[in-house]
Amino acid sequence: MKERNQYGNITLNILLIIMFLIIAVLIYILAGGKIPKTERATGVPSPTQIQTKDEATLSPNVKFSDGLTNPSFSEKYKLDEFGAGTSEREIFDVDVNGDGRNDRITRTRNENGTSHFYYQYKIEINENGNFIDITPEGFRTTEGAECALQKLQFKFKPEFSVIKISRNWQDSWDTPTMAKKTVYSFKDGTLEPTKEQPMKVICDVTDLF
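This one's a predicted model, so the numbers in the text were calculated from it and none came from an experiment.

Q: It is not clear to me how a nonpolar patch on the surface should be interpreted in this structure. Could you clarify?
A: A contiguous nonpolar surface patch, about 570 Å² in accessible area, is contributed by Ile10, Ile14, Leu15, Ile18, Ile22 and Leu26. Exposure remark for Leu26: the relative accessible area of 48% places this residue in the partly exposed category.

Here's what the structure looks like:
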């Protein structure tokens, strides 16, 4: 009888040890010791670690540029008593049509005494010293305190083009609407829209450049 009791105690101790091991393994797994499949097999980061192209592009630390730099002329102007009028004018000497001569792009900032303003653009081709205006209709921005409804960006490589992204106003400045992208290219002495495409419903079109 004594030997049988000793055998039973040994069996019980073994079962208790196995039970403790199982509990320890379960605790380890639940505490995060198990490697997720997305990282264990190939080292590929999990979806929460991947920064999408849109997230990187739309970072609030990235400042928008219309592509015009190093003006040959720049002048600031005094506004009227209401804070309205032309506040700044800049001229950029760039070769638009690829003939080796500097053409001219003028950028003017206009204020209306509120948080809303706009940039007006004028593009002129140099024909033997005479500057011919080839600016398409509506080459200006529409800027608000909350959102921009229209912006332009100039490209010079591989060839000259202008990207315009715009949307319609609806209800309020910060009511998102469908945006449209229009690309202008130099053709037969004029700038013409060569590509149009819908983009997405958005508030600030700046985020789509």
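Next comes the rest of the write-up.
Q: What should I look at first to understand the state of the cysteines in this one?
A: Working definition: the covalent bond between the sulfur atoms of two cysteines is a disulfide. Under the defined criterion, the tally for this structure stands at one disulfide. A sulfur-sulfur distance of 1.6 Å marks the disulfide that ties Cys147 to Cys203. Taking the torsion about the sulfur-sulfur bond, which here is approximately 85°, the covalent link between Cys147 and Cys203 counts as right-handed. A residue pair is termed long-range when its members are at least 10 positions apart, and Cys147 in the loop between strand 6 (142–143) and strand 7 (148–155) and Cys203 in the segment after strand 10 (190–202) qualify at 56 residues.

Q: What exactly am I supposed to notice about the nonpolar core here?
A: As a rule of thumb, nonpolar side chains are buried together in soluble globular proteins. Counting residues in each nonpolar core, the largest one holds 16 residues, and the members touching the most others are Ile105, Ile123, Phe154 and Val162. At the level of secondary structure, the elements contributing two or more residues to this core comprise strand 2 (84–94), strand 4 (117–127) and strand 7. The greatest single-element share of this core, amounting to three residues, is contributed by strand 4. Dropping the residues within four chain positions of it, Phe154 is found in contact with Asp66, Gly67, Leu68, Ile105, Tyr121, Ile123, Phe160, Ser161 and Val162. Counting residues in each nonpolar core, the second largest holds eight residues, with Ala148, Ile165, Ala179 and Val183 among its members.

Q: In this structure, what is going on with unusual backbone geometry? I would like to understand it.
A: Backbone geometry follows two general trends: most residues other than glycine have a negative phi, and most peptide bonds adopt the trans configuration. Of the consecutive residues Lys157 and Pro158, the connecting peptide bond is found in the cis state with omega at -5°. Inspection of the secondary structure puts Pro158 in the loop between strand 7 and strand 8 (161–167). One non-glycine residue, Asn70, lies in the positive phi region at around 55°. The topology assignment puts Asn70 in the loop between helix 3 (53–57) and strand 1 (73–76).

The rules behind these values
Residues numbered from 1 in each chain as written. Predicted model: local features only at pLDDT ≥ 70, side-chain atom pairs only at ≥ 80, totals over all residues. Heavy atoms only, no water. Patch = residues over 30% accessible without salt bridge, like charges linked within 9 Å, V, L, I, M, F, W, Y side chains within 5 Å. Areas by Shrake-Rupley, 256 points an atom, 1.4 Å probe, with all protein chains shown as cover. Salt bridge = Lys/Arg side-chain N within 4 Å of Asp/Glu carboxyl O. Buried < 20%, exposed > 50% of the residue type's maximum accessible area, 1.4 Å probe, protein only. Disulfide = S-S within 2.5 Å. Helix = DSSP H or I, 4+ residues; strand = E, 2+ residues; numbered from the N terminus. Core = buried A, V, L, I, M, F, W, Y, C linked by side-chain atoms within 4.5 Å. Contact = heavy atoms within 4.5 Å.

So, to be careful, I would describe these as geometric facts and stop short of saying anything about function.
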